Amino acid sequence: MSNRPYYIAGNWKMHKTRAEAADLAKALVAQLKDGKHTYLAAPSFTALETVGAIIKGTNIRLGAQDCACEEQGAHTGEVSVLQLKDLGVQTIILGHSERRHTYQEDDALINKKVKLALQHGFEVILCVGEQLSEREAGKAEAVCETQTVKGLEGVSPADLSRIVIAYEPVWAIGTGKTATPEDADVIHAHIRKVIGRLYGGGAAEKLIIQYGGSVKPENAAQLMAKENIDGALVGGAALKAETFVPIALFA
Ligand code: 13P
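> Just to check I follow, could you spell out the site of the ligand for this structure?
The immediate surroundings of the ligand are formed by 13 residues, with Lys 13, His 96, Gly 174, Ser 214 and Gly 236 found nearest. In this structure, Glu 168 approaches the ligand through a side-chain N or O atom, which is 3.0 Å from an oxygen atom. Contact distances for the ligand include 2.9 Å between an oxygen atom and a backbone N or O atom of Gly 235. Contact with the protein chains removes 95% of the 310 Å² of surface that the ligand exposes when unbound. Here the residues of the shell around the ligand sort into four nonpolar, seven polar and two charged.

So this is what it looks like as structure tokens:
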């Protein structure tokens with residue numbers, strides 16, 4: 001076991017009206033108040049203000065699911081880091097596989113967002129992960145390495161302390177298929193080695209690497225028992241307190 005803190009984050013994706021988000025946030029505040037780990041809720045942009053007001057001053061951080069790559073300007077439909085800061089957002093999830101593969105975000109764009117978010121004082125959860133065809137071709141480690149290296153290009157050693165990496169194998173997201181704890185740990189260890197090469201062993205040892213992809217109450221503890229798995233980025237199971245709380249309080 002490492003002495004890194006566990007960090008359990010809920011990515012609510014494009015779900016919930018403000019009223020529904022408020023109900024979930026209130027349940028999480030009540031049920032996680034004695035939780036010992038680090039927690040985050042990332043609702044849709046439209047529910048950030050509502051959820052932020054409910055979790056303010058609690059042990060749950062407020063996260064956004066993306067941001068624009070520019071501070072402000074003529075970018076119809078985008079949301080700026082300045083607007084997220086104004087809402088009290090602390091953390092921004094970047095490079096999620098749905099952004100990479102459904103909306104064609106590439107490593108260069110993600111890297112621009114990562115640097116902008118860091119420059120504005122946010123914590124960043126940088127998501128990396130291979131597609132099924134890449135895993136079957138034996139390229140999982142190489143793909144995650146490239147996404148890590150390119151995503152962090154130009155990030156200073158000082159700013160690395162505000163980076164969390166989430167390993168989310170694309171084939172495990174929303175499919176019910178989880179990577180085995182052993183398979184996930186191999187990739188987490190590889191990412192840590194890459195960070196060691198770029199930033200030194202001390203920084204690599206401190207880096208939080210979350211696993212994401214069909215995390216459920218039934219598999220959370222086995223995943224988290226692995227040396228290099230320091231938490232979870234949870235999608236579907238984060239939408240209800242009855243499934244997120246057991247993950248967040250895993251024994
Ligand atoms: P699921 O937990 O629904 O597989 O989603 C994982 C994810 O994409 C979290 O960001």
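> How should the environment of Lys 33 be read in this particular structure?
On the secondary structure map, Lys 33 appears in the loop between α1 (18-31) and β2 (38-42). You can call Lys 33 exposed: its relative accessible area is 57%. For the pair formed by Lys 33 and Leu 132, sequence separation is 99 residues and the distance between their alpha carbons is 38 Å. Among residues more than four places away in sequence, those in contact with Lys 33 are Leu 28 and Asn 59.

> I'm lost on the environment of Leu 84 in this one. Help?
With respect to the element layout, Leu 84 can be found in helix α3 (residues 81-86). In sequence terms Leu 84 and His 101 are 17 residues apart; their C-alpha atoms lie 24 Å from each other. Apart from the residues within four sequence positions on either side, Leu 84 is in contact with Phe 45, Leu 48, Ala 64, Asp 66, Cys 67, Val 79, Val 89, Ile 92 and Phe 122.

> Explanation requested: the pattern of salt bridges in the structure shown.
Between side chains of opposite charge, a pair can form as their charged atoms come close. What the rule picks out here adds up to 16 salt bridges. Put simply, Asp 159 and Arg 162 hold a salt bridge, and the shortest N to O gap is 2.8 Å. Among the ionic contacts, a cluster of salt bridges with common partners joins Arg 4, Arg 192, Glu 205 and Asp 230.

> Where do I start with the packing of α1 against helix α2 (residues 48-55) in this structure?
Interhelical geometry of α1 versus α2 gives an angle of 20 degrees and a closest axis separation of 9 Å. Our classification of the angle between α1 and α2 gives roughly parallel. Like other packed secondary-structure pairs, α1 and α2 cross with a definite hand, here right-handed. Of the residues in α2, those in contact with Arg 18, Ala 21, Ala 22, Ala 25, Lys 26 and Val 29 of α1 are Thr 50, Val 51, Ile 54 and Ile 55. By residue class, the composition of the contact of α1 with α2 is seven nonpolar, one polar and two charged.

> Any chance you could explain the side chain of His 96 here in plain terms?
Along the chain, His 96 falls in the loop between β4 (91-94) and α4 (97-101). Those residues in contact with His 96 that lie beyond four places of it in its chain are Asn 11, Lys 13, Cys 127, Glu 168 and Ile 173.

Cut-offs used in this document
Residues numbered from 1 in each chain as written. Predicted model: local features only at pLDDT ≥ 70, side-chain atom pairs only at ≥ 80, totals over all residues. Heavy atoms only, no water. Near = heavy atom within 4 Å. Polar contact = N/O pair within 3.5 Å; in protein donor to acceptor, adjacent residues only side chain to side chain. Areas by Shrake-Rupley, 256 points an atom, 1.4 Å probe, with all protein chains shown as cover. Nonpolar A, V, L, I, M, F, W, Y, C, P; charged D, E, K, R; others polar. Helix = DSSP H or I, 4+ residues; strand = E, 2+ residues; numbered from the N terminus. Buried < 20%, exposed > 50% of the residue type's maximum accessible area, 1.4 Å probe, protein only. Contact = heavy atoms within 4.5 Å. Salt bridge = Lys/Arg side-chain N within 4 Å of Asp/Glu carboxyl O. Axes fitted to C-alpha atoms, helices over the stretch in contact; angles between N-to-C directions. Parallel < 35°, antiparallel > 145°, perpendicular 65-115°, else oblique. Left-handed = near helix turned anticlockwise from the far one by under 90°.

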